[in-house]
Amino acid sequence: MSVNITAYQSIVSELSAENVTLVAVSKTKPAQDIQEMYAMGQRDFGENYVQELVEKQAALPQDIRWHFIGHLQSNKVKYIAPFVHLIHGVDSAKLLQEINKQALKNNRVIDCLLQVYIAQEETKFGLDAAELAAIKTTLPELSNVRICGLMGMASLTENKQIIENEFLSLKKIFDAFNQWPVGIRAEKTILSMGMSSDYQLAVACGSNMVRIGSLLFGARNYSTN
Ligand SMILES: *Cc1c(COP(=O)(O)O)cnc(C)c1O
């Protein structure tokens, strides 16, 4: 039940050769595991649950870059606004407005990714093309968020062809996003896609940030968490 050092080292060298950022997804894992990976040089960690993230942030080294990758509720933004490095799952205008408001209160600009709906299943969160276009029009009013790119999750399936099609559709939307004027988006942009089971395919499809949990930390056991 601890860090898979061999897997970590090989994934890091594989990704750095491709200029892809690794977010180590540490949700449900003890602070000790994060500390162990931190000691090997890892600085980007991803969490899904607000309370768990707040506790870990307080207990662990202050130079960790915390990525919030879960589904964020508007009423919880205030807890992570003081320190969060990047919020991956922005999936509504209302949430973005709340992030802007809390960022303002903390006198900072919070980096965000817009989550795009690419999966065939109904269970995944994200914006469709019309919602993305609607959010784009609100961006000039939001001074304290910076839109750094897009995030997406493929369907939960063994079928690589389905996953590849979904990744390629997100890459296409990302290419269009990169045509947005700098000013309503960051200059250097991020495409966050790929997890333990599909990160290599995601990178082949144009991802430059992957979120990997179980390959690094072992399988999660929610029942004993
Ligand atoms: C849990 C999670 C991951 C990591 O999943 P693994 O399959 O363990 O690599 C990546 N992204 C999101 C949004 C997650 O919730």
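Our subject is the structure listed above.
Residues numbered from 1 in each chain as written. Predicted model: local features only at pLDDT ≥ 70, side-chain atom pairs only at ≥ 80, totals over all residues. Heavy atoms only, no water.

1. A word on the overall build of the protein
Operational definition: The helix and strand labels rest on DSSP assignments: H or I over at least four residues marks a helix, E over at least two residues marks a strand, and numbering proceeds from the N terminus. For this measure, only C-alpha atoms enter the radius of gyration; the expected value for a globule follows 2.2 Å times N^0.38, where N is the number of residues. Whether a residue is buried, partly exposed or exposed follows from its accessible area with a 1.4 Å probe, protein chains only, as a fraction of its type maximum: under 20%, in between, or over 50%, in that order. Between two residues, a contact is recorded if the distance between any of their heavy atoms is within 4.5 Å.
Scanning the protein for helices and strands turns up nine helices and eight strands. The C-alpha atoms of the protein give 17 Å as radius of gyration, which agrees with the globular expectation for 225 residues (17 Å, within 12%). Per-residue burial over the protein gives 51% buried out of 225 residues. When contacts within the protein are restricted to residue pairs at least 6 apart in sequence, long-range pairs at least 24 apart make up 60% of them.

2. What to know about the nonpolar core
Going by this rule: As used here, the term nonpolar core means buried Ala, Val, Leu, Ile, Met, Phe, Trp, Tyr and Cys residues forming a set that is joined through side-chain atoms within 4.5 Å.
In this structure, Ile 87 and Ile 99 are the most contacted members of the largest nonpolar core, which totals 61 residues. Here the element with the most residues in this core is helix H7 (residues 160–177); it accounts for five residues. Membership of the second largest hydrophobic core comes to eight residues, among which are Val 23, Leu 113, Cys 148 and Ala 186.

3. Some words on the side chain of Ser 192
So the rule is basically this: Residues adjacent in sequence count toward polar contacts only when both atoms are side-chain atoms; beyond that, a polar contact is any pair of N or O atoms within 3.5 Å, and within protein one must be able to donate a hydrogen and the other to accept it.
Assignment of secondary structure puts Ser 192 in strand S7 (residues 190–192). Within polar-contact distance, the side chain of Ser 192 engages the side chain of His 88 at 3.0 Å.

4. Focus: the site of the ligand
Defined as follows: Throughout this document, a residue counts as near a molecule or strand when at least one of its heavy atoms sits within 4 Å of that molecule or strand. All accessible areas in this document rest on Shrake-Rupley with a 1.4 Å probe, and a residue is counted as covered only by the protein chains that are shown. Polar here means any residue other than Ala, Val, Leu, Ile, Met, Phe, Trp, Tyr, Cys and Pro, which are nonpolar, and Asp, Glu, Lys and Arg, which are charged; Gly is therefore polar.
Neighbouring the ligand are 13 residues; Lys 27, Asn 48, Ser 196, Ser 214 and Arg 220 lie closest to it. The contact in question runs from an oxygen atom of the ligand to an N or O atom on the backbone of Ser 214, over 2.8 Å. A total of 390 Å² of accessible area belongs to the ligand in isolation, and the protein chains cover 91% of it. Here the residues of the shell around the ligand are counted per class, giving six nonpolar, four polar and three charged.

5. Regarding the pairing of strand S6 (residues 145–152)
What counts, and what does not: A pair of strands is considered paired only if DSSP assigns at least 2 bridges between the two.
Across the eight residues that make up S6, a large majority, seven, are buried. As paired elements, strand S5 (residues 110–116) and S6 share seven bridges and run parallel to each other. Its bridge partner lying in S6, Gln 115 is registered against Met 151. Bridging between S6 and S7 involves three bridges; their strand directions are parallel.

6. Some details on the packing of aromatic side chains
Here is the rule: Stacked, tilted and edge-to-face are the three classes assigned to paired rings of Phe, Tyr and Trp, where Trp is represented by its six-membered ring and a pair needs centres within 6.5 Å; plane angles under 30 degrees give stacked, over 60 edge-to-face, the rest tilted. Geometrically, a charge over a ring is one whose NZ (Lys) or CZ (Arg) sits within 6 Å of the ring centre while staying within 35 degrees of the ring normal.
Applying the stated criterion across every chain yields a total of three aromatic pairs. Residues Phe 177 and Trp 180 carry aromatic rings whose centres are separated by 4.8 Å and whose planes lie at 55 degrees to one another, so their mutual orientation is tilted. The pair Phe 177 / Trp 180 is uniform in exposure class, with both members buried. By the ring-pair criterion, three or more aromatic residues cluster together here, those being Phe 174, Phe 177 and Trp 180. Here Arg 43 stacks its cationic end above the ring of Tyr 38, 3.6 Å away from the centre of that ring.

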